[in-house]
Amino acid sequence: MSGSGTKKVAETAVKATKAIDWEGMAKLIVTDEARKEFANLRHAFNEVNQQLQTKFSQEPEPIDWEYYRKGIGSRLVDMYKEAYERIEIPKFVDTVTPQYQPKFDALLVELKEAEEKSLKESERLEMEIAEIKELKEKISTMTADEYFEKHPELKQKFDDEIRNDYWGYGPPQ
């Protein structure tokens, strides 16, 4: 990898680390198994990132061709130097990210929508639980009128049955 290429890899790794909201993602995880897998993923990411920042961000030391000329001879060293200088390291061209980025972005949108829906459902369930607890505490002393105040649809149903002379035992006559 060329010197400027290694720097770009290291810079990209630093940017990626800053762009990831690890804490935000961790808050979305609900199961212990998922937390464990997430911790493993984060650890692996940090290891790779550390290697990219240290190993590949350093410039390779230049070759001291004169040192080798003295020990081996000019002709052979010049041949190696010429071959070394002709080596072209291909630049990395990312063809995968453009393919999957739209899919990833769509999944993020889906995730946000699912999160919002889940939070709304959780709030609804919390309210329902609170109502049931309240009802459980008051049920033994509650009157029918108090119950029907909280559930007007049941009052309407019972009033209709009484008005239509239908008591639930058969079809109205």
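Computed from a predicted model, the values in this text were never measured in an experiment.

## Concerning the overall build of the chain
- If you tally the helices and strands in the chain, you get 8 helices and 0 strands.
- In sequence order, the chain lays out its α and β elements as α-α-α-α-α-α-α-α.
- When contacts within the chain are restricted to residue pairs at least 6 apart in sequence, those whose partners lie at least 24 apart make up 49%.
- Here the chain has roughly 15,500 Å² of accessible surface; of this, 57% comes from carbon and sulfur atoms.

## Notes on the layout of surface pockets
- What the second largest pocket holds in volume is close to 420 Å³.
- Forming the boundary of the second largest pocket are 16 residues, of which Asp21, Met25, Phe104, Leu108 and Leu111 lie nearest the centre.
- Sorting the residues of the lining of the second largest pocket by element identifies helix H2 (22–28), helix H3 (32–54) and helix H6 (96–138) as the ones contributing at least two each.
- In terms of residue count, the dominant contributor to the lining of the second largest pocket is H6 (6 residues).
- The residue inventory of the lining of the second largest pocket, partitioned by class, reads 11 nonpolar, 1 polar and 4 charged.

Rules and cut-offs
Residues numbered from 1 in each chain as written. Predicted model: local features only at pLDDT ≥ 70, side-chain atom pairs only at ≥ 80, totals over all residues. Heavy atoms only, no water. Helix = DSSP H or I, 4+ residues; strand = E, 2+ residues; numbered from the N terminus. Contact = heavy atoms within 4.5 Å. Areas by Shrake-Rupley, 256 points an atom, 1.4 Å probe, with all protein chains shown as cover. 1 Å grid on protein atoms, 1.4 Å probe; cavity = no way out; pocket = protein on both sides within 12 Å on 5 of 7 lines; lining within 4 Å. Points joined across faces, edges and corners; volume = space filled by probe spheres on them. Nonpolar A, V, L, I, M, F, W, Y, C, P; charged D, E, K, R; others polar.

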